Amino acid sequence: MSEKITIYDIAKKLNITAATVSRALNNNPKIKESTRELVLETAASMNYKQNKLALALKSGRSNNIGVIVPRIDSNFFASVIRGIEEELYPRGYQVIICQTHENPKRENENLYTLIDAQVDGIIMSVTDVTNENDNAFHNVLEKNVPLIFFDRSKHIDGVSSVTINDFKGGYIATKQLINEGCKHIAHLSGDQSLEIFKNRFLGYKQALLDNGITFNEKYVIQSKSSLEAGKEAIDILLELETPPDAVFSSSDFAALGVIQELKERNINIPNEFCVAGFSNEPFTKFMELSITSVDQSPLEMGRMSARVFLEQVDKTETIKIEKKVVLAPELHIRKSSTRINP
């Protein structure tokens, strides 16, 4: 293996000091433009690679951003990451992605790993809202590293967040089912200890009350975001004395499971049973029976999260302004909830 080129090798070749080379490589304004260009050309010709870790330790900036998500095999989280990268890459930042797999212990490890990696900020969707990882969150803030929550958030002083109005999303989805003539609307809820699922449930409940429909707690089932969970939930609901005639699901995947099970039972969708989901996953619009769903605007959420980070990192004061950004949801009405003669 060839020896690693250092700034001293460049300095020797150009007959200048190593300090001058260092300043030129780091765009020090005291260095003449002609000297800087000569150093950069020479460094490139000698295949010189800067030690980014050493540079980060010296400058206090690594130009790396940590992004923590429950999983990346989801269009929603993949799109958020894309939005973050589109906003930050042109500004010289690279993204380091970590997954929690809904495991608080892994979330804790991810936080400390990113801090050890000298990231300039962390943008994340939390795993749960317990206090289990509060020490890790406070450690991030104590090191003056910007921390921004997106989608799933928890209330921590000094932490900004970018979410959508989940209450309104639940409300407008349920209202659309009511407009189609549905009278017995069930709800597949995620874990309501997470604010996003709690607010979607509250929006659903308020839409019922505002339209004179009695809330029935038997129609609410906590469900995971999966096809199997949707199938299991609708099996339970159809066994009730008065089964529902519609479902608003907090997950598109669970909504798809509901539809598959209804089709197996030869229940006509949407004339006998309407279905609406949440997230606007790509498959919802490409199916033969397209699915009504609430769009969470993941690209915009990612871009906005990155902008909030940039606002914070550009501030020189120690105390940064906590910012709460709430995006508006958009309902895409499709075949699964559009009756021919409501």
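Residues numbered from 1 in each chain as written. Predicted model: local features only at pLDDT ≥ 70, side-chain atom pairs only at ≥ 80, totals over all residues. Heavy atoms only, no water.

What is the right way to read the overall build of the protein chain from this model?
Counting secondary structure elements, the protein chain contains 13 helices and 12 strands. Considered along the principal axes of its C-alpha atoms, the protein chain spans approximately 90 × 40 × 35 Å. The buried share of the protein chain, reckoned over its 342 residues, is 49%. Long-range contacts, defined here as pairs at least 24 residues apart, represent 74% of the contacts in the protein chain between residues at least 6 apart. A total accessible area of about 17300 Å² is found for the protein chain, and carbon and sulfur atoms account for 49% of it. (Helix = DSSP H or I, 4+ residues; strand = E, 2+ residues; numbered from the N terminus. Buried < 20%, exposed > 50% of the residue type's maximum accessible area, 1.4 Å probe, protein only. Contact = heavy atoms within 4.5 Å. Areas by Shrake-Rupley, 256 points an atom, 1.4 Å probe, with all protein chains shown as cover.)

Would you explain the sheet that holds strand β10 (residues 292-295) in this entry?
As a general point, the strands of a sheet are linked pairwise by backbone hydrogen bonds and lie either parallel or antiparallel. Read across the open sheet, the six strands follow the order β7-β6-β8-β9-β10-β12; overall the sheet is mixed. Edge positions in the open sheet fall to β7 (220-222) and β12 (330-332), since each of these has one partner strand only. Here the strands of the sheet are splayed against their neighbours by 20° on average, with no regard to which way each runs. Of the strand pairs in this sheet, strand β6 (residues 185-189) and β7 are connected by three bridges, and their pairing is parallel. If you follow H187 over to β7, its bridge partner there is V220. (Pairing = 2+ DSSP bridges. Axes fitted to C-alpha atoms, helices over the stretch in contact; angles between N-to-C directions.)

When you look at the pairing of strand β9 (residues 274-279) in this model, what are you seeing that I'm missing?
Every regular strand shows the same layout, with side chains that alternate between the two sheet faces. Burial runs high along β9: six of the six residues are buried. In terms of handedness, the path from strand β8 (residues 246-249) via helix α11 (residues 252-264) over to β9 forms a crossover that is right-handed. Relative to β10, β9 runs parallel, the two being bridged by four bridges. Looking across to β10, one finds that F278 is bridged to V294. (Right-handed = clockwise from strand over helix to strand, strands pointing away.)

Would you mind going over the pairing of strand β3 (residues 121-124) with me for this structure?
Because side chains alternate across β3, one face comprises the buried residues G121 and I123, and the other comprises I122 and M124, equally buried. Judged from the four bridges that link them, strand β1 (residues 64-69) and β3 form a sheet pairing that is parallel. From the neighbouring strand, I68 faces β3, where its bridge partner is M124. Inspection of the sheet shows β3 paired to strand β4 (residues 147-150) by three bridges, in the parallel sense.

Would you mind showing me how to read the packing of aromatic side chains here?
The geometry of an aromatic ring pair is captured by two quantities: the separation of the ring centres and the angle between the planes. A full pass over the atoms with the stated rule returns 10 aromatic pairs. Each ring, one from Y93 and one from F309, has its centre 5.4 Å from the other, and the planes form 85°; the classification is edge-to-face. Taken together, the positions of Y93 in the loop between α5 (75-88) and β2 (94-99) and F309 in helix α13 (residues 298-313) put the pair 216 residues apart, joining distant regions of the chain. Residue F309 is classed as buried on the basis of its relative accessible area, which comes to 0%. Among the aromatic residues, those joined into a ring-pair cluster are F76, F77 and F150. (Phe/Tyr/Trp six-rings, centres within 6.5 Å; stacked < 30°, edge-to-face > 60°.)

Help me understand the packing of helix α8 (residues 166-179) against helix α9 (residues 195-210) in this model?
A pair of packed helices is captured by two measures, namely the crossing angle of their axes and the spacing between those axes. Direction vectors running N to C along α8 and α9 enclose 40°, while the axes themselves pass 7 Å from each other. For the element pair α8 / α9, the angle class is oblique. Of the two possible hands of crossing, α8 and α9 adopt the one that is right-handed. Contacts from D166, F167, G170, Y171, T174, K175 and I178 of α8 reach α9 at I196, N199, R200, L202, G203, Y204, Q206, A207, L208 and D210. Classifying every residue of the contact of α8 with α9 gives eight nonpolar, five polar and four charged. (Parallel < 35°, antiparallel > 145°, perpendicular 65-115°, else oblique. Left-handed = near helix turned anticlockwise from the far one by under 90°. Nonpolar A, V, L, I, M, F, W, Y, C, P; charged D, E, K, R; others polar.)

How should I be thinking about the state of the cysteines in this particular structure?
By definition, a disulfide links the sulfur atoms of two cysteines through a covalent bond. This structure, assessed with the given rule, holds zero disulfides. Between C182, a cysteine without a disulfide, and C274, which holds the nearest cysteine sulfur, the sulfur-to-sulfur distance is 3.7 Å. For C182, a relative accessible area of 1% translates into the label buried. (Disulfide = S-S within 2.5 Å.)

Sorry if this is basic, but what is going on with the sheet that holds β1 here?
If you trace the six strands from one edge of the open sheet to the other, you get β2-β1-β3-β4-β5-β11, paired in parallel fashion. Only two strands of the sheet have a single neighbouring strand rather than two, namely β2 and β11 (324-327). Neighbour-to-neighbour, the strand axes of the sheet open up by a mean angle of 15°, direction not taken into account. Where α5 meets the sheet, its contacts fall on β1, β2, β3 and β4, and the angle it forms with β1 comes to roughly 165°. Where helix α7 (residues 134-142) meets the sheet, its contacts fall on β3 and β4, and the angle it forms with β4 comes to roughly 135°.

Just to check I follow, could you spell out the packing of helix α10 (residues 227-238) against α11 for this structure?
At their nearest, the axes of α10 and α11 sit 6 Å apart, and the two run at 55° to each other. Our classification of the angle between α10 and α11 gives oblique. In the packing of α10 onto α11, the handedness of the crossing is right-handed. Facing L227, G230, K231, I234, D235 and L238 of α10, the residues of α11 in contact are F253, A254, L256, G257, V258, Q260, E261, L262 and E264. In the contact of α10 with α11, the residues fall into eight nonpolar, three polar and four charged.

Please explain the environment of G66 as it appears in this structure.
Within the secondary structure layout, G66 lies in strand β1. A relative accessible area of 0% means that G66 is categorised as buried. Sequence separation between G66 and I115 is 49 residues; the distance between their C-alpha atoms is 8.8 Å. G66 has contacts with I96, L114, V119, G121, I122 and I123, leaving out every residue within four places of it along the chain.

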